[in-house]
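Structure assessment
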Amino acid sequence: MASTAKPATTPTTGARTATAAVADALANMVLTEMSPGMSLPSEGDLAARFDVSRLTVREAVKMLAGRGLIDVGRGRRSVVVEPTGRGFSDYLTTVIRSDPKGLFDLIELRMSLETQSATLAAKRATRAGIAALETAIEGMRVAAEDGKKGIDVEGSELRFHQHDVGFHEAIALSSGNRLISYLFEAMAQPLQRSFALSRRGHDARGHTADDTIAAHVAVLEAIRAGNAKAAGAAMRSHLEDTERDIRSALNARPTDSIAWGEPAGD
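All values reported here derive from a predicted model rather than from experimental measurement.

Reading the values: rules and limits
Residues numbered from 1 in each chain as written. Predicted model: local features only at pLDDT ≥ 70, side-chain atom pairs only at ≥ 80, totals over all residues. Heavy atoms only, no water. Helix = DSSP H or I, 4+ residues; strand = E, 2+ residues; numbered from the N terminus. Contact = heavy atoms within 4.5 Å. Salt bridge = Lys/Arg side-chain N within 4 Å of Asp/Glu carboxyl O. Buried < 20%, exposed > 50% of the residue type's maximum accessible area, 1.4 Å probe, protein only. Axes fitted to C-alpha atoms, helices over the stretch in contact; angles between N-to-C directions. Parallel < 35°, antiparallel > 145°, perpendicular 65-115°, else oblique. Left-handed = near helix turned anticlockwise from the far one by under 90°. Nonpolar A, V, L, I, M, F, W, Y, C, P; charged D, E, K, R; others polar.

**Quick word on the overall build of the protein chain**
- Regarding its fold elements, the protein chain presents 10 helices and 2 strands.
- Mapped in sequence order, the helices and strands of the protein chain form the string α-α-α-β-β-α-α-α-α-α-α-α.
- Here the contacts in the protein chain between residues at least 6 apart in sequence split such that 75% fall between residues at least 24 apart.

**Side note on the pattern of salt bridges**
- Counted according to the given criterion, the structure contains 16 salt bridges.
- Between K148 and E145 there is a salt bridge, and its shortest N-O distance comes to 3.2 Å. Residue K148 and its partner E145 are located together in helix α6 (residues 127-148), separated by 3 residues, close to a single helical turn.
- Look at E145 and you get partly exposed, because its relative accessible area is 35%.
- Among the charged side chains, a network of salt bridges with common partners joins R205, D241, R244 and D245.

**Some thoughts on the packing of helix α5 (residues 100-124) against helix α7 (residues 153-174)**
- Two elements in contact, α5 and α7, have axes separated by 7 Å at closest approach and are oriented at 60°. If you check the angle between α5 and α7, you find them oblique. Both α5 and α7 take part in a crossing whose hand is left-handed. Residues R110, E114, S117, A118, L120, A121 and R124 of α5 pack against H168, I171, A172 and S174 of α7.
- Across the contact of α5 with α7, the residue classes tally to 5 nonpolar, 3 polar and 3 charged.

Now the structure itself:
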């Protein structure tokens, strides 16, 4: 049964603070006592439970929707949804757009997360997981070939980055670790932006899309062979090269003119 504890307030608590307190209490209820697909109690029930107005409850519910905890629909009660990394994703996107150091913070995070992800994937990847990696690499190859032929150059670059993200996402899923998959889901959109910047640095250093694909193939082959140590090492080597690419791109252009890896057409 859902908790009936009222959010802590004082005589000087403002409307915004009261709303935030109710939102925190509701979030705790959703996360600890409810499952995805369950409906929240009615506004009236929640208002009575927390001893606040329906308006306060309504605003608190909107805050939970903003956190990605519930889905608010017209003409029905709000429904609990599977947690997503949307808030973390938005934060990462903001950081890499506004601060060059944010890009390197992201690389450091990836070094830890994705090296472990590749290591676990080598131990746990299924045939379907391997197939997903192969499909992603093939998508990168096709996009790269289209770009070389001048076929929808901007679109082909965007597709290349999308398949690149898909490759790393497939590794996260193959790791069998739900928290790694969750964190990578949150990182996917910011990664696509950083990949575009990395590609410019990659080109500036005299490398090609084929080199990027080869680095991904090395990770795939280690995972396919079940060699956890080699998979982790191949991923770390790839990410270290990515860091060098980003440094090259930032050194080549003034930081205020870089749209922090905005993919073409985004």
